[in-house]
Amino acid sequence: MISDAFWVNQDGRLTVGGCDTLALAREYGTPLYVMDESQIRVNCRNFLNAAYNGYDGESLPIFAGKSFLCKEMCRVIASEGFGLDVVSGGELYTAAAADFPREKIFFHGNNKSDAELTLALEENIGRIVVDNLPELRRLSSLAMSKNKTADILFRLKPGVDAHTHDFISTGQIDSKFGFAIETGEAFEAARTAAELPYINLCGIHCHIGSQIFEPEPYATATKVMLEFMLRVKKELGISFSDLNMGGGFGIKYKKSDTPPPFAAFLEAISETTRDFCDTHTLSLPRLLIEPGRSIAAPAGLTLYTVGSVKEIPGKRTYVIIDGGMADNPRYALYGAPYTVMAAQKANHPATQTVTLAGKCCESGDLIQEHTLLQAVAPGDLIAVLATGAYNYSMSSNYNRLPRPPVVMVENGKSRVIVRGETFEDIIRNDI
Ligand code: LLP
């Protein structure tokens, strides 16, 4: 299987967290998001161990909440000792509602509103990651009005090509995120920050992209970031405590995917940091990384029920399910690959090539095309694997479809952690 979270039991049925998927579907209905708590914790610990073993300085892995956030996820992540990356007032509000340790919250985003910045200041979060000069100035005056110093990082563009999908590649100069290093923009911004009151520039951050399979771009980006750090120290006399290298560590969606172990990414970052700091007698910064997908995706799957199977002679076979792009827009957006299986027949050979289509009123509402699947009929259960990241968090009410519930499973037990929406929820804000 593509993740240790998923097993086939002796009856040939797919199980997750010790729970039979058929029993889950019967109890909670479909579509259903299922997350395996043990797998989330295992994924967290892999990062923690890799970070602690491979680096002499301080380090803190931070979970990227955009990949999957709800109050229970905040609790699980906090109990593993992780920090949290939030990217909106809504995510920050969720974290605060779950009582996430504020000093471990990092607030990203390329256009934070005054209200969001004010909330961040009031909540005394660990770091605000400043994206641009207008934001820096607004933050300085908001902090002044509250008589609080804002501890900030700068979001920088290291100019590194991360070899991933264009839409999720962010480290290059033509990106809407952050200050460019190579044009001198970032350095000038650091000079400005040093002069602004109520601003404490503690370090720098970059995120070079997502679903990256090679450690090498991380090493390159780390070096560029450290060179910037050194220049700021030499020319402005500012020593940064934090180096935040973002997330983006690739995972297995298909059997053919071969991402390196997480530790390889961390090694690239920490070795580069150690060597550079040794050479230039810089003190080791606190090293931060921000995995999202690699924590949440392999821990989750989505269950659907087949409504119909349409064979179009000479064209293709559509297997049509009771969810679709409203609960998983990733194929429609990125052509994202997924492993798909008939959950009750997981040990049958996958003999037919099908298109898994959703129920939205839109031809592009597909979950996967040209994918191998066991022979299925209406009423059969379909599992789409590794949907724990960027599915629930990117879901919508398109066609006024209520969002499915999220169920957490562990050791054969299940509990709802996000209730499914009702039609009442759908019209709640209608006047
Ligand atoms: N840190 C920052 C600043 C980010 O922007 C992101 C993701 C992460 C960390 C976490 O990256 P991860 O480890 O999850 O790859 N919706 C797209 C992914 C967009 C990622 C955006 N930023 C998808 O479904 O593939």
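Residues numbered from 1 in each chain as written. Predicted model: local features only at pLDDT ≥ 70, side-chain atom pairs only at ≥ 80, totals over all residues. Heavy atoms only, no water.

(A) Structural view of the nonpolar core. Counting 129 residues, the largest nonpolar core has Leu24, Ile152, Phe154, Phe228, Leu303 and Ile382 as the members making the most contacts within it. The leading source of residues in this core is helix α8 (residues 216-236), at 8 residues. If you count residues domain by domain, this core takes at least three from each of domain 1 (6-36 + 300-427) and domain 2 (108-291). The contact partners of Phe154, leaving out residues within four places of it in the chain, are Val129, Val130, Leu136, Phe179, Ala186, Ala189, Ala190, Ala193, Leu201, Gly203, Ile204 and His205. (Core = buried A, V, L, I, M, F, W, Y, C linked by side-chain atoms within 4.5 Å. Buried < 20%, exposed > 50% of the residue type's maximum accessible area, 1.4 Å probe, protein only. Helix = DSSP H or I, 4+ residues; strand = E, 2+ residues; numbered from the N terminus. Domains from an automatic or database assignment. Contact = heavy atoms within 4.5 Å.)

(B) Summary view of the state of the cysteines. Enumeration over the complete set of coordinates arrives at 0 disulfides. Cys44 carries a free sulfur, and the closest cysteine sulfur to it, the one in Cys74, is 12 Å from it. Cys206 forms no disulfide, and the closest cysteine sulfur to it belongs to Cys277, at a distance of 15 Å. (Disulfide = S-S within 2.5 Å.)

(C) The arrangement of the environment of Asn411 in detail. Tracing the sequence through the fold places Asn411 in the loop between β20 (406-410) and β21 (413-418). A relative accessible area of 65% means that Asn411 is categorised as exposed. In this structure the C-alpha to C-alpha distance between Asn411 and Ala186, which are 225 residues apart in sequence, comes to 49 Å.

(D) Layout of the site of the ligand. Neighbouring the ligand are 19 residues; Ser210, Glu290, Arg293, Arg330 and Tyr390 lie closest to it. Contacts to the ligand include Glu290, whose side-chain N or O atom sits 2.7 Å from a nitrogen atom. The contact in question runs from a nitrogen atom of the ligand to an N or O atom on the side chain of Tyr334, over 2.8 Å. In isolation the ligand has 580 Å² of accessible area, and contact with the protein removes 91% of it. When we break the shell around the ligand down by domain, the ones giving at least three residues each are domain 1 (6-36 + 300-427) and domain 2 (108-291). (Near = heavy atom within 4 Å. Polar contact = N/O pair within 3.5 Å; in protein donor to acceptor, adjacent residues only side chain to side chain. Areas by Shrake-Rupley, 256 points an atom, 1.4 Å probe, with all protein chains shown as cover.)

(E) Up close: a negative patch on the surface. Judged by side-chain charge, Asp56, Glu267, Glu271, Asp275 and Asp278 come together as a negatively charged surface patch. Tracing the backbone shows Asp56 in the loop between α2 (37-54) and β5 (59-64). Overall, the relative accessible area of 66% leaves Asp56 in the exposed class. (Patch = residues over 30% accessible without salt bridge, like charges linked within 9 Å, V, L, I, M, F, W, Y side chains within 5 Å. Salt bridge = Lys/Arg side-chain N within 4 Å of Asp/Glu carboxyl O. Lys, Arg positive; Asp, Glu negative; His and termini not counted. Charge placed at Lys NZ, Arg CZ, Asp CG, Glu CD.)

(F) Molecular detail of helix α4 (residues 89-97). Looking at α4, one finds that the buried residues are Gly89, Glu91, Leu92, Thr94, Ala95 and Ala96. Close packing links the buried residues of α4 with α3 (71-79), β6 (83-86), β7 (105-107) and α5 (114-122). You can read the cap of α4 off the contacts: a side-chain oxygen lies 3.3 Å from the backbone nitrogen of Gly90, and it is on Ser88.

(G) Broad picture of the packing of aromatic side chains. Scanning all chains against the criterion turns up 9 aromatic pairs. Taken together, a centroid distance of 5.1 Å and an interplanar angle of 40° make the contact between Phe249 and Phe265 tilted. Within this pair, whereas Phe249 is found in the loop between β12 (242-244) and α9 (262-279), its partner Phe265 is found in helix α9, the two being separated by 16 residues in sequence. By the burial criterion, Phe249 is buried, and Phe265 matches it. Linked through ring pairs, Phe47, Tyr218, Phe249, Phe262 and Phe265 together constitute an aromatic cluster. When the ring centre of Phe107 is taken as reference, the NZ or CZ atom of Lys112 above it lies at 5.9 Å. (Phe/Tyr/Trp six-rings, centres within 6.5 Å; stacked < 30°, edge-to-face > 60°. Lys NZ or Arg CZ within 6 Å of the ring centre and 35° of its normal.)

(H) Summary view of the domain arrangement of the protein chain. When the domains of the protein chain are assigned, the result is domain 1 (6-36 + 300-427) and domain 2 (108-291). Distance between the C-alpha centres of domain 1 and domain 2: 36 Å. Facing the 9 residues of domain 1 at the interface are 8 residues of domain 2. In total, about 740 Å² of surface goes out of reach between domain 1 and domain 2, with carbon and sulfur atoms giving 55% of it. When the buried area of domain 1 at its contact with domain 2 is split by residue, Tyr334, Pro337 and Ala386 rank highest and sum to 51% of it. If you look at where domain 1 meets domain 2, you find 0 salt bridges. On the surface where domain 1 and domain 2 come into contact, there are 2 residue pairs in polar contact (both at pLDDT 80 or more). (Buried area = accessible area lost by both parts, 1.4 Å probe.)

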